[in-house]
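Chain and residue survey
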Amino acid sequence: MRLRRFRVGLAASACSFALVAGSAHAAPPAPGADTAAGGIARSQIADQSGTIAAIKVEGNRRIEASTIRSYLLVAPGQKFSQQQINLSLKTLYATGLFKTVSINRQGDDLIVQVQENPVVNQVFFRGNHAVNDKDLKGAISLSPGSVFTPEAASEAVKKILAAYGKHSHYDASVTPEIVKLPQNRVNVVFKCQDGPSTYISRINFVGVTNLHFSQSRLREVVSSSQHTWWRFYTSSDEYNPDRVKYDEALLQRFYYHHGFANFSIKSATAQLAPDRKSFYLTFVLDPGPRYHFSSVKVTSSVRGVTGKSLEHLVPISKGDLFDGDAIRDTVKKLSKAVQDEGHVFAEVQPSVTQNNKKDTVALDFKVIEGPHVYVANVNINGNTRTQDSVIRRQILLAPGDAYNQRLVHDSKENLENLGFFKKNPTVKPQPGPQKDEVNLDVGVQEKATGQFSLGGGYSTDLGALANIGLSQNNFIGTGINASINLLLAQHGTQFNVGVTNPYFMGRNLIAGVDLFRTTTYNTAAYV
């Protein structure tokens, strides 16, 4: 079987096909025809008298005739109408299923002639090193079984280039090729050239008013950095739009921490250098004036809780510089203190009243009774080995309990302390089946918990010896600590097996057993 290869050249947002092997052409549209990207629509109904007796479909191989008829705006028994037939043509093209369509009249019959677009058999990527195949396949809509059109190829190229941009390769190029297969199928091959990484050559900060800080100090705040030859161990000098958004948040937090209550970012722009090898990153900032606290107080509407009893937890005083971090930390302290006293639904809301004439802020921490929310379900995801019960017993909330953020935090710490999971496990509240309910979604990622040890040495009593040990902190996902150790020596052997269950009988009770056998000079002792 001989395959024919076609090359797709991109121009603007459309794809044009240049034949590498073989030939293909389409006749020019006839008068009255509609022309669409990727094909030709042709309709000629000179005589519009009479009614349609039947609609016949020709040229279809994969798509059922009944499916094609369902897209038409005309039907047998209706009068011939050029307007309705033209609309039917556009409807058929809008499906993206056809390369060419024509509708003609033969006697009292309407003949719909179609040429189907090919179906994608496989999608391949060649030359891509900066972005792996999995990420590129996830970025595009072309996949095995989908309909191939030049527009789809053009859109896929844009998505691939966007994926390269997320990996700081803005000088990448992508050329799609199709390999024609039997039965109107094609393989799509995207030939990629990564190009060099696109670095940030300069970061500038422009102030609508006084910036109050030097350029070098502000560059220390953001996570992006200017490219230097010696900074090869980090990717922070590669342009990344998501990182720039994070930089905006860092700048806002920095200025809030230093008293600028009205700070705002007017724009954050990245200009690509003419050589497309670097970016100039510019932040336009409006810090505004510095504010001080004119008053600080705590008020409570929760029964049994007074503002005065909580004032000692507030580290902010009248006359202090406005500090967003201090406000956030104080809210956490007050919330924990109130909830620890049994008011699990209590919330702390900071109220800030600005006096722009005096550049001062009046701060009031309001303790209020929040909505009563209960736990509906606890959902555990990601545990491929560890049993649900092992994870669930570390969660301090169960279905029906009143939702408590402090217990959520403590549950997360319990999971981290197990040492069974990669990174940090997550415990996140999600909307529940009712307005006053939440589901707790627990996410974990398993890691290896076994250890193997091998050693050797010499003892005056036993002579030369070798030691082999194997331990598992999460034995077959039960949370049980199991170990086995074997000592082989010239004058004796020792075998030890240990099992420890930290939750014996499902309670917070540790139970364990150790069995060992020691043999020395043909004398055995058992314990």
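As a convention, each chain's residues are numbered from 1 in the sequence order in which they are written. This being a predicted model, a pLDDT of at least 70 is required before a residue's local features are given, and a value of 80 or more before pairs of side-chain atoms are given or counted; all residues contribute to the totals for chains, interfaces and linings. Values shown for side chains rest on all heavy atoms present in the structure; no hydrogens or waters enter the calculation.

Considerations on the side chain of Asn117
Secondary structure is summarised from DSSP: a helix means a run of H or I of at least four residues, a strand means a run of E of at least two, and numbering begins at the N terminus for each. Here Asn117 is to be found in the loop between β7 (109–116) and β8 (119–126). Counted as a polar contact is a pair of N or O atoms within 3.5 Å, where, for protein atoms, one must be capable of donating a hydrogen and the other of accepting one, and residues adjacent in sequence contribute only when both atoms are in side chains. Reaching out from Asn117, the side chain makes a polar contact with the backbone oxygen of Gly96 at a distance of 3.1 Å. Only heavy atoms matter for contacts: two residues are in contact if any of them lie within 4.5 Å across the pair. For Asn117, the contacting residues outside a window of four places in its chain are Arg62, Gly96, Leu97, Phe98, Lys99, Val147, Phe148, Thr149 and Asn184.

Observations regarding unusual backbone geometry
Outside of glycine, negative phi angles account for most residues, and trans bonds account for most peptide bonds. The residue His212 is not glycine, and still its phi comes out positive at about 70°. On the secondary structure map, His212 appears in the loop between β11 (199–207) and α5 (215–221). Exposure classes here rest on a 1.4 Å probe applied to the protein chains alone. A residue is buried below 20% of its type maximum, exposed above 50%, and partly exposed in between. With a relative accessible area of 38%, His212 lands in the partly exposed category. The phi dihedral of Asp359 is positive, around 55°, even though this residue is not glycine. The topology assignment puts Asp359 in the loop between β15 (346–355) and β16 (360–369). With a relative accessible area of 25%, Asp359 lands in the partly exposed category.

Digging into the pairing of strand β6 (residues 98–106)
One bridge is not enough; two strands pair if DSSP finds at least two bridges between them. Bridge count for β6 against β7 is eight bridges, and the pairing is antiparallel. Of the residues in β7, the one forming a bridge with Asn104 is Ile111. Linking β6 to β7, which pair antiparallel, is a turn of two residues; within it Gly107 sits at a positive phi near 65°.

Some points on the pattern of salt bridges
Definition used for salt bridges: Asp or Glu carboxyl oxygen within 4 Å of a side-chain nitrogen of Lys or Arg. By the definition in use, this model includes eleven salt bridges. Note that Arg105 is salt-bridged to Asp108, the shortest N-O span being 3.3 Å. Classification of Asp108 as partly exposed rests on a relative accessible area of 42%. Lys191 serves as the salt-bridge partner of Glu177, at 3.6 Å between the closest nitrogen and oxygen.

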